[in-house]
Amino acid sequence: MKRDSFGSRLGALMALIGSAVGLGNLWKFPYMAGSNGGAAFILIYIAFLFMLCLPLMISEFIIGRRSQSNPVGAFRKLAPGTKWYFTGVLGVIGAFVILSFYSVVGGWAVKYFITSLQFGFTSATGAEAEFNSFVSSPVLPVVMHIIFLGATVAVLWTGVKDGIEKYSKILMPLLFLLVLVLAIYALNLPNARMGIDFMIKPDWSKVNSSVILNALGQGLFSLSLGMGIAITYSSYMNKTENLFRIAIVTLVMDLIFALLAGFMILPAVFAFGFEPTQGPGLLFIVLPEVFASMPGGGIFAIMFFIILLVAALTSAISLLEVIVSYLIEEKKLSRHRALVYSGIALVITGSLCSLSQGILSDFKIFGNNIFDFFDKLSSTYIMPIGAFFIAIFVGWKMKRKHVNEELDNNGLLKIRLFNLFWFLVRYFVPLAIVVIFLNMLGIF
Ligand code: PFF
């Protein structure tokens, strides 16, 4: 079977950015920063991005472009006859776990988009009660989640994926502008200063092992790492692409979106008298207040939620693509069959995640409801473990010469920081992950 490849250089990069920038930046980053103490978390997060996530992304690129196959096939090809392909399988499982709760939040965004069309954010109070009553109801959020999931399946079904990626070339800059405008507005609200301080003045006393693990998990989640997404996309890249540069651009874009989202949400949290430690509802509770208080807020709300949906969709597509291409290439299913099976399975697990906000809230797995359990399972276990093995694979299993060849395109490019990269992948990344884990288990 001939594999597609990206028509343009921008195609691969846009798909990667599309996967990276999503609910992780706009929905998750602000509440993670809010619940983990603010500035200190953000600084640790940024340090992880550059020292850990960047070398990891490059490692995934190396595996993907060298093997030209899906994550499972990639390990089979580069390390035949070994168990390394389990790393790819872990990514498929991770994608399934993430998509289960990701599409629930996607469903929340669908509901808020519909509300914005009705200019429904007019009361400046009650956003919190409204959010809580919506997410805990048994039917509506489940239906919304199915709509979001259905849209994701439809995109991969009809092959309009490329079309979506073309759109996101326009929509991403637009999203950037919108979030920028909203952030500027939020920064000028009364009491915004407290939110700014919260984001820039670190209080190191709040840092503990779980804050560090959360920062690591958030970095991997936001950049879609440890799951074979970057392996998949880079397998379509051609041999002249500068992998290092693509990684840097993706990382910086993703970071900018996260920080802007933080500056949009956290000052408003303080301005409207909420707690930054709200958790997953933060964006959906704070933004309606912002829109209600803002001149022309109704129009901003419509624009914001539609673009948020596109950003969420491009990330969800990348997750579903990992599952589907595994089922097609490794299990020999037809594309449509793979989509139907995974769609049905995700409706079930997603509905459970949704119901765990209401009628199933008493059902706990290791002390977490199903939604939180899936979230933690992916960000703090599956992704770091995947990341660990990817680093070990590139740093210890692959030959230095081959790694170098991929990075400098067989001598065509000058790679100045190779030694630093090599050190980070071989030693820093795996050791940091192990230490963070042991620390969390209380072994230090
Ligand atoms: N990076 C996406 C976001 O920030 O919304 C979420 C995500 C996509 C995580 C793909 C993991 C992944 F493999």
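Because the structure is a prediction, the values reported are computed rather than measured.

Chemist: Which parts of the structure should I look at to understand the overall build of the chain?
Modeler: When helices and strands are counted, the chain shows 18 helices and zero strands. A compact globule built from 444 residues would reach a C-alpha radius of gyration of about 22 Å, and the chain, at 21 Å, matches this within 12%. Dimensions of the chain, computed from the C-alpha atoms along their principal axes, are close to 60 × 50 × 40 Å. Sorting the 444 residues of the chain into buried and exposed places 58% on the buried side.

Chemist: Explain the pattern of salt bridges here, please?
Modeler: Close approach of charged atoms allows side chains with opposite charge to pair. Considering all chains together, one arrives at eleven salt bridges under this definition. Here Glu406 makes a salt bridge to Lys239, at a shortest N to O gap of 3.7 Å. With Glu406 in helix H17 (residues 400-407) and Lys239 in the loop between helix H11 (229-234) and helix H12 (243-271), this pair connects stretches of sequence that are 167 residues apart. We classify Glu406 as buried; its relative accessible area is 5%. Taking the relative accessible area as the measure of exposure, Lys239 reaches 42% and is therefore partly exposed.

Chemist: Which parts of the structure should I look at to understand the site of the ligand?
Modeler: Taken together, 17 residues lie near the ligand, and Ala20, Gly24, Tyr102, Phe221 and Ser224 sit nearest. Within the side chain of Tyr102, a nitrogen or oxygen atom sits 2.5 Å from an oxygen atom of the ligand. Within the side chain of Ser224, a nitrogen or oxygen atom sits 3.0 Å from a nitrogen atom of the ligand. For the ligand, the protein covers 100% of the area, taking 340 Å² as the surface of the free molecule. Within the shell around the ligand, the residues separate by chemical class into nine nonpolar, eight polar and no charged.

Chemist: Mind showing me how you'd approach the environment of Phe393 here?
Modeler: Relative to the elements of secondary structure, Phe393 occurs in helix H16 (residues 370-397). The class of Phe393 is buried, set by a relative accessible area of 0%. Remark: the alpha-carbon pair of Phe393 and Val72, spanning 321 residues in sequence, is separated by 13 Å. With sequence-adjacent residues up to four places away left out, Phe393 is seen in contact with Ile63, Phe75, Leu78, Ala79, Trp84 and Met398.

Chemist: So what exactly am I meant to see when it comes to the packing of helix H2 (residues 23-35) against H12 here?
Modeler: Helix packing for two helices is described by the angle between their axes and how far apart those axes are. Across the interface, H2 lies against H12 with an axial gap of 8 Å and an inter-helix angle of 65°. Here H2 and H12 pass one another in a crossing that is right-handed. Seen from H2, the contacting residues are Asn25, Leu26, Phe29, Pro30, Ala33 and Gly34; seen from H12, they are Asp254, Phe257, Ala258, Leu259, Ala261, Gly262, Met264, Ile265 and Leu266. Its residues placed into classes, the contact of H2 with H12 shows eleven nonpolar, three polar and one charged.

Chemist: How should I be thinking about H12 in this particular structure?
Modeler: In an α-helix there are 3.6 residues to a turn, and that puts residues three or four apart on one side. Helix length check: H12 (29 residues) gives 42 Å between terminal C-alpha atoms against 42 Å at 1.5 Å per residue, within 8%. Looking at the residues trailing H12, positive phi occurs at Gly273, about 75°.

Chemist: What should I look at first to understand the packing of aromatic side chains in this one?
Modeler: Aromatic ring pairs are defined here through the distance separating the ring centres and the angle between the ring planes. Scanning all chains against the criterion turns up 34 aromatic pairs. Judged by centre distance (4.9 Å) and plane angle (80°), the rings of Phe75 and Phe393 are edge-to-face. Taken together, the positions of Phe75 in helix H4 (residues 71-78) and Phe393 in helix H16 put the pair 318 residues apart, joining distant regions of the chain. The two residues Phe75 and Phe393 agree in class, both being buried. Seen from the ring of Phe221, Lys28 lies directly overhead, with NZ or CZ sitting 4.2 Å from the centre. The aromatic ring of Trp396 is capped on one face by Arg426, whose charged end is 3.8 Å from the ring centroid.

Chemist: Would you mind showing me how to read a nonpolar patch on the surface here?
Modeler: A surface patch of nonpolar side chains, amounting to about 550 Å² of accessible area, comprises Trp157, Val340, Tyr341, Ile344, Ile348 and Leu352. Counting residues per element, the nonpolar patch draws most heavily on helix H15 (residues 335-355), which supplies five residues. Residue position: Leu352 is located in helix H15.

Chemist: Help me understand the confidence of the model for the chain in this model?
Modeler: A low pLDDT score tells you not to read the predicted coordinates there in detail. Counting all residues, the mean pLDDT for the chain is 91, and 95% of those residues have values of 70 or more. Mean pLDDT values for the elements of the chain range from 81 in helix H1 (residues 9-20) up to 97 in H15.

Chemist: Got a minute to help me understand the packing of helix H5 (residues 85-117) against H15 in this structure?
Modeler: One way to put it is that H5 packs onto H15 with a least axis distance of 8 Å and a crossing angle of 60°. Relative to H15, the element H5 lies oblique. In the packing of H5 onto H15, the handedness of the crossing is right-handed. Within the contact between the two elements, H5 uses Phe96, Leu99, Ser100, Phe101 and Val104 and H15 uses Ala345, Leu346, Thr349, Gly350, Cys353 and Ser354. Looking at the contact of H5 with H15 residue by residue, the class counts come to seven nonpolar, four polar and no charged.

About the thresholds
- Residues numbered from 1 in each chain as written.
- Predicted model: local features only at pLDDT ≥ 70, side-chain atom pairs only at ≥ 80, totals over all residues.
- Heavy atoms only, no water.
- Helix = DSSP H or I, 4+ residues; strand = E, 2+ residues; numbered from the N terminus.
- Rg over C-alpha atoms; globule rule 2.2 N^0.38 Å.
- Buried < 20%, exposed > 50% of the residue type's maximum accessible area, 1.4 Å probe, protein only.
- Salt bridge = Lys/Arg side-chain N within 4 Å of Asp/Glu carboxyl O.
- Near = heavy atom within 4 Å.
- Polar contact = N/O pair within 3.5 Å; in protein donor to acceptor, adjacent residues only side chain to side chain.
- Areas by Shrake-Rupley, 256 points an atom, 1.4 Å probe, with all protein chains shown as cover.
- Nonpolar A, V, L, I, M, F, W, Y, C, P; charged D, E, K, R; others polar.
- Contact = heavy atoms within 4.5 Å.
- Axes fitted to C-alpha atoms, helices over the stretch in contact; angles between N-to-C directions.
- Left-handed = near helix turned anticlockwise from the far one by under 90°.
- Expected span 1.5 Å × (residues − 1).
- Phe/Tyr/Trp six-rings, centres within 6.5 Å; stacked < 30°, edge-to-face > 60°.
- Lys NZ or Arg CZ within 6 Å of the ring centre and 35° of its normal.
- Patch = residues over 30% accessible without salt bridge, like charges linked within 9 Å, V, L, I, M, F, W, Y side chains within 5 Å.
- pLDDT = per-residue confidence, 0-100.
- Parallel < 35°, antiparallel > 145°, perpendicular 65-115°, else oblique.

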